[in-house]
Amino acid sequence: MTLLIAVTAAVISTVIWYTKGNNYRVSTLCWMFWGASLMWLVDAVSEYIELCDEYFTPVPADMLNDAFLGVSVVVFALVIWLIDLLVHDPKGIFCKKVSVSGTKGVTENV
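Residues numbered from 1 in each chain as written. Predicted model: local features only at pLDDT ≥ 70, side-chain atom pairs only at ≥ 80, totals over all residues. Heavy atoms only, no water.

Peer 1: For the nonpolar core, give the residues involved together with the corresponding values.
Peer 2: If you look at the biggest cluster of nonpolar residues, it comprises 12 residues: I5, A9, A10, V26, L29, C30, F33, A67, V74, A77, W81 and L85. At the level of elements, α1 (2–20), α2 (26–51) and α3 (60–88) are the ones that each hand at least two residues to this core. Take this core: its biggest share by element is 5 residues, from α3. (Core = buried A, V, L, I, M, F, W, Y, C linked by side-chain atoms within 4.5 Å. Buried < 20%, exposed > 50% of the residue type's maximum accessible area, 1.4 Å probe, protein only. Helix = DSSP H or I, 4+ residues; strand = E, 2+ residues; numbered from the N terminus.)

Peer 1: Any chance you could break down a negative patch on the surface for me, citing the residues and the numbers?
Peer 2: Residues D43, E47, E50, D62 and D66 make up a contiguous surface patch of negative charge. Elements that contribute at least two residues to the negative patch include exactly α2 and α3. Inspection of the secondary structure assignment puts E47 in helix α2. (Patch = residues over 30% accessible without salt bridge, like charges linked within 9 Å, V, L, I, M, F, W, Y side chains within 5 Å. Areas by Shrake-Rupley, 256 points an atom, 1.4 Å probe, with all protein chains shown as cover. Salt bridge = Lys/Arg side-chain N within 4 Å of Asp/Glu carboxyl O. Lys, Arg positive; Asp, Glu negative; His and termini not counted. Charge placed at Lys NZ, Arg CZ, Asp CG, Glu CD.)

Peer 1: Tell me what's going on with the side chain of T2, and back it up with residues and numbers.
Peer 2: Along the polypeptide, T2 turns up in helix α1. Using a relative accessible area of 8% as the deciding quantity, one classes T2 as buried.

Peer 1: For the layout of surface pockets, give the residues involved together with the corresponding values.
Peer 2: Its volume calculated, the largest pocket comes out at about 410 Å³. Lining of the largest pocket is provided by 17 residues; of these, M1, E47, Y55, P58 and D66 occupy positions nearest its centre. Only α1, α2 and α3 provide two or more residues apiece to the lining of the largest pocket. Looking at the lining of the largest pocket, the element that brings in the most residues is α2, giving 5 residues. Here the residues of the lining of the largest pocket are counted per class, giving 10 nonpolar, 2 polar and 5 charged. (1 Å grid on protein atoms, 1.4 Å probe; cavity = no way out; pocket = protein on both sides within 12 Å on 5 of 7 lines; lining within 4 Å. Points joined across faces, edges and corners; volume = space filled by probe spheres on them. Nonpolar A, V, L, I, M, F, W, Y, C, P; charged D, E, K, R; others polar.)

Peer 1: Tell me what's going on with the environment of S27, and back it up with residues and numbers.
Peer 2: In this fold, S27 is placed in helix α2. Each C-alpha atom of the pair S27 and F56 lies 33 Å from the other, and the pair is 29 residues apart in sequence. Those residues within four positions of S27 in sequence are excluded, and the remaining contacts are W17 and N22. (Contact = heavy atoms within 4.5 Å.)

Peer 1: How would you explain the environment of G35 if you had to name every residue and give the values?
Peer 2: For G35, the location among the structural elements is in helix α2. Each C-alpha atom, one on G35 and one on A77, is 11 Å from the other, the two residues being 42 residues apart in sequence.

As far as function goes, none of this settles anything; it's purely spatial.
Right under this line is the structure:
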């Protein structure tokens, strides 16, 4: 389930990057999701080698735990991407907002 969620997020972010360009540093998000997909693929292959046929009959509780883990990985990657977006500020929007509100406080105190 984690592999499915990570690959879905990777494909969606890649389609967004391909259609919209890299205006919002979406390529960083793509790299994070494809890296997570590769990690979960290696995990799935090693688990299949260990469990063989039992790999295809998971317990529902394990599937639910895997789903929560996959969603939390996607949310964590989005948070990291948002922080990266604010730090690099490709369009300068955050700097303008901070500098405008910073100058208001200076002029009011004078």
